[in-house]
Amino acid sequence: SVLRCFARAPDGLDHMIACETCASTLAEVLGKTALNTVRATLLDLLAAMAGHSHSGAKAVKVAIEGRSTRKLSVLQCAVKYEFLTRWMKVEPDLRLCAACLRFVNTIIAASSTLNRRVARRRVFVELHIRDICAMLRSIHGRAPSPAAQDLLAAIDTFADRADADD
């Protein structure tokens, strides 16, 4: 896709992050599309932006959570990200499930301090992501497909980073 090519260009992510509306436009399209391939691609692009720099992480966070003059509670923040765990529970698309988890892992890792990482992870724990990961692992744990292996790698990353932070 054009956006993926743009993101792979040497300064592509920098330009996407510098564009004040890029992350919010991607998040808006993410909320409107029912196509899992598009959802997965948009999540990967948003994750790439968030993982690229502090300003990218901030742009993605604002795009998903909205602008707020006060800090959101764990519950308020969980509501903003609930769509990810809902998709992981109800969609049989392994690529989408893996993209959701890669996005979650990147959003958590992009937090600037250990306390913020733990707080961000708590948002997803409140959304029962550990139970969802266990369910996905039990269903797809022995599947040899590349998509299943990608999903299992994202699940392992979530668990390993949570253990390291605890």
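Thoughts on the confidence of the model for the protein
With 95% of its residues at a pLDDT of 70 or more, the protein shows a mean pLDDT of 90. Helix α1 (residues 2-8) is the least confidently modelled element of the protein, averaging 65 in pLDDT, while helix α7 (residues 94-109) averages 96, the highest of any element.

Quick look at the packing of helix α5 (residues 54-65) against helix α6 (residues 74-90)
The geometry of a pair of packed helices is captured by two quantities: the angle between their axes and the separation between those axes. Two elements in contact, α5 and α6, have axes whose closest approach is 9 Å; the angle formed by their N-to-C orientations is 90 degrees. Put simply, α5 runs roughly perpendicular to α6. Taken together, the residues of α6 that come into contact with α5 (itself represented by K61, I64 and E65) are C77, K80, Y81 and F83. Of the residues belonging to the contact of α5 with α6, the class tally is 4 nonpolar, no polar and 3 charged.

Regarding helix α10 (residues 146-165)
Because an α-helix packs 3.6 residues into every turn, residues spaced three or four apart end up facing the same way. Given a rise of 1.5 Å per residue, 20 residues ought to cover 28 Å, and the 28 Å separating the end C-alpha atoms of α10 matches this to within 8%. Within α10, the full set of buried residues consists of A148, L151, L152, A154, I155, F158, A162 and D165. Those residues of α10 that are buried lie in contact with α7, α8 (114-126) and α9 (129-140).

Considerations on a positive patch on the surface
Taken together, the side chains of K58, K61, R67, K71, R116 and R122 define a basic patch exposed on the protein surface. Within the residue set of the positive patch, elements represented by two or more residues are α5 and α8. Its place among the elements puts K61 in helix α5.

Concerning the packing of α7 against α10
At a minimum axis separation of 8 Å, α7 and α10 run at an interaxial angle of 25 degrees. Between α7 and α10, the angle falls in the class roughly parallel. Of the two possible hands of crossing, α7 and α10 adopt the one that is left-handed. When α7 is examined against α10, the residues L94, C97, A98, L101, R102, V104, N105, I108 and A109 are found in contact with a partner set consisting of A147, A148, D150, L151, A154, I155, T157, F158 and R161. Grouping the amino acids of the contact of α7 with α10 by side-chain chemistry returns 13 nonpolar, 2 polar and 3 charged.

Observations regarding the packing of aromatic side chains
Considering all chains together, one arrives at 2 aromatic pairs under this definition. Seen from their ring centres, F83 and W87 are 5.1 Å apart, and the 75 degrees between their planes marks the pair as edge-to-face. With F83 and W87 both in helix α6 and 4 residues apart, this pair spans about one turn of that helix. Both residues of the pair, F83 and W87, belong to the buried class. In this structure, R121 packs its charged tip against the face of F158, placed 5.9 Å from the ring centre.

Topic: the nonpolar core
Generally speaking, soluble globular proteins have nonpolar side chains that are buried together. Residues L43, M49, V60, Y81, L84, L101 and F103 are the most contacted members of the largest nonpolar core, which totals 50 residues. If you tally residues by element for this core, the top one is α7, at 11 residues. Dropping the residues within four chain positions of it, L101 is found in contact with M88, I129, C133, L151, A154, I155 and F158.

A look at the pattern of salt bridges
This structure, assessed with the given rule, holds 8 salt bridges. Here R102 and D150 are joined by a salt bridge, their closest N and O atoms 2.6 Å apart. Of this pair, R102 sits in helix α7 while D150 sits in helix α10, and the two are 48 residues apart along the sequence. The salt bridge involving D165 is made with R117; its shortest N-O contact spans 3.0 Å. Taken as a pair, D165 in helix α10 and R117 in helix α8 lie far apart in primary sequence, 48 residues in all. Here the residues in one salt-bridge network are D44, R102 and D150, joined through shared partners.

Definitions and limits used
- Residues numbered from 1 in each chain as written.
- Predicted model: local features only at pLDDT ≥ 70, side-chain atom pairs only at ≥ 80, totals over all residues.
- Heavy atoms only, no water.
- pLDDT = per-residue confidence, 0-100.
- Helix = DSSP H or I, 4+ residues; strand = E, 2+ residues; numbered from the N terminus.
- Axes fitted to C-alpha atoms, helices over the stretch in contact; angles between N-to-C directions.
- Parallel < 35°, antiparallel > 145°, perpendicular 65-115°, else oblique.
- Contact = heavy atoms within 4.5 Å.
- Nonpolar A, V, L, I, M, F, W, Y, C, P; charged D, E, K, R; others polar.
- Expected span 1.5 Å × (residues − 1).
- Buried < 20%, exposed > 50% of the residue type's maximum accessible area, 1.4 Å probe, protein only.
- Patch = residues over 30% accessible without salt bridge, like charges linked within 9 Å, V, L, I, M, F, W, Y side chains within 5 Å.
- Areas by Shrake-Rupley, 256 points an atom, 1.4 Å probe, with all protein chains shown as cover.
- Salt bridge = Lys/Arg side-chain N within 4 Å of Asp/Glu carboxyl O.
- Lys, Arg positive; Asp, Glu negative; His and termini not counted.
- Charge placed at Lys NZ, Arg CZ, Asp CG, Glu CD.
- Left-handed = near helix turned anticlockwise from the far one by under 90°.
- Phe/Tyr/Trp six-rings, centres within 6.5 Å; stacked < 30°, edge-to-face > 60°.
- Lys NZ or Arg CZ within 6 Å of the ring centre and 35° of its normal.
- Core = buried A, V, L, I, M, F, W, Y, C linked by side-chain atoms within 4.5 Å.

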